[in-house]
Amino acid sequence: MISGKVTIKNPTGLHLRPAGLFCKTAMEFKSKITVYKKTRYEDVTANAKSVLSVLGACIKSGDEIQIICEGNDEEQALKTMIRLVEDGLGE
């Protein structure tokens, strides 16, 4: 299991279109990919391969998230997911 932190840069956060791209990319990997966000009141986790789960995490611009990957291709999955977020999720 490996993880990395990244800050959401795109101004609209993870709304439907970027969340869809995020999940589509996550599904390319066999590894289990989880998104973790610590908030003031609670800790939120989301399955990165589920659009509804990611949308339910209410990830906004400026939020720092932790991407946790566990599986055979975890290193490549983490690199790809972090690069996707750093590049603005297609926006």
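The following refers to the structure shown. Given the structure is predicted, the values throughout are model-derived calculations rather than measurements.

### Here we look at the side chain of Ser31
Thinking step 1. In this fold, Ser31 is placed in the loop between helix H1 (16–26) and strand E2 (32–38).
Thinking step 2. There is a polar contact of 2.4 Å between the side chain of Ser31 and the side chain of Asp73.
Thinking step 3. Among the polar contacts made by the side chain of Ser31, one reaches the main-chain amide nitrogen of Glu74 at a distance of 3.2 Å.
Thinking step 4. Apart from residues lying up to four places away in sequence, Ser31 is in contact with Lys49, Glu70, Gly71, Asn72, Asp73 and Glu74.

### Here we look at the sheet that holds strand E4 (residues 64–70)
Through backbone hydrogen bonds, the strands of a sheet pair up, either in parallel or in antiparallel fashion.
Thinking step 1. Read across the open sheet, the four strands follow the order E1-E4-E2-E3; overall the sheet is antiparallel. The open sheet has two free edges, formed respectively by strand E1 (2–7) and strand E3 (43–47), since each of these has just one partner strand. In this sheet, neighbouring strand axes are inclined to one another by 25° on average, regardless of whether the strands run parallel or antiparallel.
Thinking step 2. Here E2 runs beside E4; their pairing, made up of five bridges, is antiparallel. Looking at E4, one finds that Tyr36 is bridged to Gln66.
Thinking step 3. Each of E1, E2 and E4 touches helix H3 (residues 74–86); the most contacted strand, E1, lies at about 5° to it.

### Describing H1
Thinking step 1. Turning to H1, its buried residues number three or more, namely Pro18, Ala19, Phe22, Cys23, Thr25 and Ala26. Take H1 and look down its axis: the buried residues cluster within an arc of 160°, on one side only. Residues of H1 that are exposed and point more than 90 degrees away from the buried face comprise Leu16, Arg17 and Lys24.
Thinking step 2. Residues of H1 that are buried make contact with E2, helix H2 (51–56), E4 and H3.

### Overview of the nonpolar core
Thinking step 1. Phe22, Ile33, Val35, Ile59, Ile65, Ile67 and Val85 are the most contacted members of the largest nonpolar core, which has 26 residues in total.
Thinking step 2. Broken down by secondary-structure element, the contributors of at least two residues to this core are H1, E2, E3, E4 and H3.
Thinking step 3. It is H3 that contributes the most residues to this core, six residues altogether.
Thinking step 4. In this view, Phe22 contacts Val35, Ala48, Val54, Ile67, Met81, Leu84, Val85 and Leu89; residues no more than four positions away in its chain are not counted.

The rules behind the values
- Residues numbered from 1 in each chain as written.
- Predicted model: local features only at pLDDT ≥ 70, side-chain atom pairs only at ≥ 80, totals over all residues.
- Heavy atoms only, no water.
- Helix = DSSP H or I, 4+ residues; strand = E, 2+ residues; numbered from the N terminus.
- Polar contact = N/O pair within 3.5 Å; in protein donor to acceptor, adjacent residues only side chain to side chain.
- Contact = heavy atoms within 4.5 Å.
- Pairing = 2+ DSSP bridges.
- Axes fitted to C-alpha atoms, helices over the stretch in contact; angles between N-to-C directions.
- Buried < 20%, exposed > 50% of the residue type's maximum accessible area, 1.4 Å probe, protein only.
- Arc of directions from axis to C-beta.
- Core = buried A, V, L, I, M, F, W, Y, C linked by side-chain atoms within 4.5 Å.

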